[in-house]
Amino acid sequence: MEHHVSGAGLKRQIVFWLVVLALFITFLFLFSSILLPFLMGMAIAYFLDPIADRLERLGLSRLMATVVILVSFVVVFALTLMIVIPIIISQFNDFVQHVPAYVQQLQDFANHAQTTMLPKWVRNNVGSLKDNFSNIMSEGLGFVVGLFAQIWSSGKALVNIVSLLIVTPVVAFYILLDWDRMIAKVDGWIPRDHVATVREIAAEIDLAIAGFIRGQGSLCIILGVYYGVGLSLVGLNFGLLIGFFAGMISFIPYVGSLVGLVLAVGVALVQFWPDYLWVGLVLVVFFTGQFLEGNVLQPKLVGSSVGLHPVWLMFALFAFGAMFGFVGLLVAVPAAAVCGVLVRFALSRYLHSDLYYGRTSAGTVRKPKARSNPET
């Protein structure tokens, strides 16, 4: 199927979408301080839409399905807010207070290991490495603690907690109720000449975002609960906090599990050493969690539909977080997914165009003889 767009028409489309992008960025800059409850409500509605569709197929009306889902969600969220969140906040405050002592004890443990476990030729050259490691560890822990404190304080400053708890369910209710009609309305705005292409791109974007928000979001919640409960049962100090944190950042491949493992093992060495059994149990919790993620949760919940490279994902998080703060972190993943789909679409069109193959003097497209059109 050929897709021919005149130079003037292509120019108008490029200008139009650049203007739309500029307006969207300006909107985020101007209203980033009040967007959090609305974005949270939209994310919740998008997350729960498949459940509403399933309840509709079972015979419930859209209104009744929406009410049932949101009431259940609010009840679970309220119980979590009353039971789990206070424990996590308490553990976070205690962890901040104990960080200097933990760093000192880990340094003492490293000194002991240096004098008792390492050969003499290694001990003679390990001093500078030990000092560098201590400095890096102190700065790293200080950065993590400062980041958490900044996010917590800025969240309270930017958004009224009461409005967040009230506005978010209301926004989620109306968007979830009108989701199908909203999609149909937007579909009616698409230029008819390009409706098939736009629908194809929209389907790929939905697949990527759904794979991440629904699939990876569910995976993060399950891993956070598993790590938190597992480390708490082992008896690790701040086990619920460390486990929940490791689960919530596990959407960044390798980084989440590695950070959680380092924090948990560091606390376990200070708390349990020289009892190898309990340190080993902490390792068992993380290794079984990694096995569960790689062999059960990732294939079932996420699959291969996300298509977000870890480096691109981390860049998007840093970039949007720097530009728009905490709201930017919420927008980063969907925006990265959209950009990824659009870039792949543009690259596919380029690889099938005369810009890639070139033209002969007669105006025909020159294609290689030894192979067919490349696949993307």
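From a predicted model like this one, the values you see are computed outputs, not experimental measurements. (Residues numbered from 1 in each chain as written. Predicted model: local features only at pLDDT ≥ 70, side-chain atom pairs only at ≥ 80, totals over all residues. Heavy atoms only, no water.)

Within the protein, the secondary structure is distributed over 14 helices and zero strands. Its helices and strands taken in sequence order, the protein reads α-α-α-α-α-α-α-α-α-α-α-α-α-α from the N to the C terminus. Within the protein, the proportion of its 376 residues that are buried is 32%. Across the protein, contacts joining residues at least 24 apart in sequence account for 69% of those joining residues at least 6 apart. (Helix = DSSP H or I, 4+ residues; strand = E, 2+ residues; numbered from the N terminus. Buried < 20%, exposed > 50% of the residue type's maximum accessible area, 1.4 Å probe, protein only. Contact = heavy atoms within 4.5 Å.)

Leaving glycine out, the prevailing phi sign among residues is negative, and the prevailing peptide bond configuration is trans. Its identity is not glycine, yet Phe-238 carries a phi of approximately 60 degrees, on the positive side. Position of Phe-238 relative to the elements: it lies in the loop between α8 (195-234) and α9 (239-248).

Before going further, it helps to spend a moment on the pattern of salt bridges. Side-chain pairs of opposite charge can arise where the charged atoms are in close proximity. Taken as a whole, this structure holds six salt bridges when the rule is applied. When the shortest N-O distance is used, the salt bridge between Asp-49 and Arg-62 registers 2.7 Å. Of this pair, Asp-49 sits in helix α2 (residues 36-57) while Arg-62 is found in helix α3 (residues 62-117), placing the two residues 13 residues apart along the sequence. Since its relative accessible area comes to 10%, Arg-62 is described here as buried. (Salt bridge = Lys/Arg side-chain N within 4 Å of Asp/Glu carboxyl O.)

Glancing now at α8. An ideal rise of 1.5 Å per residue puts 58 Å on 40 residues; α8 measures up with 56 Å between its terminal C-alpha atoms. Along its length, α8 reaches its greatest deviation from straightness, about 25 degrees, at Ala-210. (Expected span 1.5 Å × (residues − 1). Bend = angle between axes of the 7 residues up to and from the residue.)

Judged by nonpolar contacts, the single largest core of 33 residues is most densely connected at Phe-95, Leu-231, Leu-236, Ile-242, Ala-264, Phe-272 and Val-282. Secondary structure elements with two or more residues in this core: α3, α8, α9, α10 (255-272) and α11 (276-302). Top contributing element to this core by residue count: α10, with eight residues. Those residues in contact with Leu-231 that sit more than four places away from it in its chain are Leu-236, Gly-239, Ile-242, Gly-243, Ala-264, Val-282, Val-285 and Phe-286. Among the nonpolar cores identified, the runner-up in size contains 21 residues, and Tyr-46, Leu-55, Ile-175 and Ala-208 belong to it. (Core = buried A, V, L, I, M, F, W, Y, C linked by side-chain atoms within 4.5 Å.)

This brings us to the packing of α2 against α8. How two helices pack is summed up by the angle between their axes together with the distance between the axes. α8 packs onto α2 with a crossing angle of 90 degrees between their chain directions and a minimal axis gap of 10 Å. Looking at the two axes, α2 sits roughly perpendicular to α8. Where α2 abuts α8, its residues Tyr-46, Phe-47, Asp-49 and Pro-50 lie against Asp-206, Ile-209, Ala-210, Ile-213, Arg-214 and Ser-218. Its residues assigned to classes, the contact of α2 with α8 shows six nonpolar, one polar and three charged. (Axes fitted to C-alpha atoms, helices over the stretch in contact; angles between N-to-C directions. Parallel < 35°, antiparallel > 145°, perpendicular 65-115°, else oblique. Nonpolar A, V, L, I, M, F, W, Y, C, P; charged D, E, K, R; others polar.)

Tracing the chain through its elements places Leu-240 in helix α9. Along the backbone, Leu-240 and Phe-92 are 148 residues apart, and their C-alpha atoms lie at a distance of 9.7 Å. Among all residues touching Leu-240, those that are not within four sequence positions of it are Val-84, Ile-87, Ile-88, Gln-91, Gly-228 and Ser-232.

Relative to the assigned elements, Glu-293 resides in helix α11. For Glu-293, a relative accessible area of 12% translates into the label buried. Within the structure, Glu-293 has its side chain in polar contact with the side chain of Gln-290 (distance 3.3 Å). Among all residues touching Glu-293, those that are not within four sequence positions of it are Leu-219, Leu-223, Ser-250, Gln-298 and Pro-299. (Polar contact = N/O pair within 3.5 Å; in protein donor to acceptor, adjacent residues only side chain to side chain.)

Moving on: the environment of Val-198. Tracing the backbone through its elements, the reader meets Val-198 in helix α8. Sequence-wise, Val-198 and Asp-187 are eleven residues apart; in three dimensions their C-alpha atoms are separated by 9.0 Å.

Glancing now at the confidence of the model for the protein. Residues with a pLDDT of 70 or more make up 75% of the protein, whose mean pLDDT is 75. Segment residues 154-159 is flagged for pLDDT under 50; beyond a separation of four residues in sequence, or across chains, it makes five contacts in the model. Within the model, the stretch residues 371-376 combines pLDDT values under 50 with ten contacts to residues more than four positions away or in other chains. (pLDDT = per-residue confidence, 0-100.)

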